[in-house]
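Below are the chains, spelled out letter by letter.
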Amino acid sequence: MRVALFVTCLTDTFYPRVGQAALRLLRHFGCQVCFPERQTCCGQPAYNSGFHDEARRLIKRMARVFEPYDWIVTPSASCATMVKHHGPKLLEGDRKWYQAVCGLADKTWELDRFLSDQLGVDIAAHLKFDRPVTYHYPCHAREIYSLSDLQGWLGAGRGPDVRTPVHPDLCCGFGGVFAVEFPEISTAMLDDKLEELVGTGAELVICNEAACALQMAGRARRRGLPLRFKHLAECLAESLGLMEGET
């Protein structure tokens, strides 16, 4: 399979190790991986802020940049949602671009979904945890994978290593500009989320969205909470010996 890695803005800027893990996993499971260096933002921040003309320009650019590739894989479900669901809606009625953007949507996959559904990887069978972990189910993942999908990939319920919070789908309070425009509400939601994660007794939190991880890690650090955050791709790559474990 000829796969293009769509790394996303936040992963590239704040969590490049996630991008490295995604690349190594795809290669490990038999893909020829390319990294189009002309890729930029998918337009999600502009779209979520109501700047739809700006978002249209970016999704058109994505269609041009990724046109040569058979598959597009990203470690972010929220960016996958932007490309797969919101992109085509933005270009409805545009005879020149609509088909191109629909084609982009059809071949764009979130990483774990791609590994599981297209490559037939049993993610849970490969994972090895040397300490208890818990997890966060991101709101923006709902269009791409379910809570039960995430629990299945983690092997939740198969043993004591994966600990389920009381409300695993509780929002972290980020929501893009929501956290900026309503900081008091966002922080209250975030504190509720962190209390549930701490309550599991696990210190490692599996979080597949960079924005959620930034939101939770920043507040946890300021509060002195013993929580660390990792993408499932990092844990899987470490379990397979594709990259060094991070303490």
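To be clear, the structure that these remarks concern was listed above.
Each chain carries its own residue numbering, running from 1 in the direction its sequence is written. In view of the model being predicted, local features appear only for residues whose pLDDT reaches at least 70, and side-chain atom pairs are presented and counted only at 80 or more, with totals across whole chains, interfaces and linings using the full set of residues. Each side-chain value is worked out from all heavy atoms of the structure, with water and hydrogens disregarded.

**Student:** I would appreciate a short explanation of helix H12 (residues 210-223) in the present structure.
**Tutor:** Each full turn of the α-helix corresponds to 3.6 residues, which orients residues three or four apart in the same direction. Secondary structure elements follow DSSP: runs of H or I of four or more residues count as helices, runs of E of two or more count as strands, with numbering from the N terminus. One less than the number of residues in a helix, times 1.5 Å, gives the span that helix is expected to have. The end-to-end C-alpha distance of H12, which contains 14 residues, comes to 20 Å, matching closely the 20 Å that a straight helix rising 1.5 Å per residue would cover. For H12, the complete set of buried residues consists of Ala210, Ala211, Cys212, Ala213, Gln215, Met216, Ala217, Gly218 and Ala220. After H12 finishes, the residue glycine 224 shows a positive phi value of roughly 70 degrees. A simple rule labels every residue: compare its accessible area, found with a 1.4 Å probe on the protein chains alone, to the largest value its type can have, and call it buried under 20%, exposed over 50%, or partly exposed in between.

**Student:** Is there a simple way to explain the sheet that holds strand E6 (residues 204-207) in this structure?
**Tutor:** The strands making up a sheet are joined through hydrogen bonds of the backbone, oriented either antiparallel or parallel. In this description, strands pair whenever DSSP reports at least two bridges between them. With parallel pairing, the three strands of this open sheet are ordered in space as E5-E6-E7. Among the strands making up the open sheet, the edge pair consists of strand E5 (133-136) and strand E7 (228-230). For this sheet, the mean inter-axis angle between neighbouring strands, taken without regard to orientation, is 35 degrees. Set on the sheet, helix H9 (residues 147-154) makes contact with E5 and E6; between it and E5 the angle comes to about 155 degrees. Here H12 sits on the sheet and contacts E5, E6 and E7; the angle it forms with E7, its principal contact strand, is near 165 degrees. For helices, the fitted line uses only the C-alpha atoms of the stretch in contact; every axis is such a line through C-alpha atoms, and the angle between N-to-C directions lies from 0 to 180 degrees. For this analysis, residues touch if any pair of their heavy atoms sits within 4.5 Å.

**Student:** I keep staring at the side chain of lysine 107 and nothing clicks. Help me out?
**Tutor:** Among the secondary structure elements, lysine 107 is positioned in the loop between helix H6 (98-106) and strand E4 (108-110). Buried charge lysine 107 goes without a salt bridge, the closest partner of opposite sign being glutamate 67 at 5.7 Å. Throughout this description, a polar contact denotes any pair of N or O atoms lying within 3.5 Å of each other; where both atoms belong to protein, one of them has to be capable of donating a hydrogen while the other can accept it, and for residues adjacent in sequence the pair is counted only when both atoms sit in side chains. In this structure the side chain of lysine 107 is engaged in a polar contact, spanning 3.2 Å, whose partner is the backbone oxygen of phenylalanine 66. Those residues in contact with lysine 107, other than ones at most four positions away along the chain, are Phe66, Glu67, Tyr69, Asp70, Trp71 and Ile72. The charged-residue count follows a simple rule in which Lys and Arg add positive charge and Asp and Glu add negative charge, with His and chain termini not counted at all. Salt bridges are defined by distance alone: a side-chain nitrogen of Lys or Arg within 4 Å of a carboxyl oxygen of Asp or Glu.

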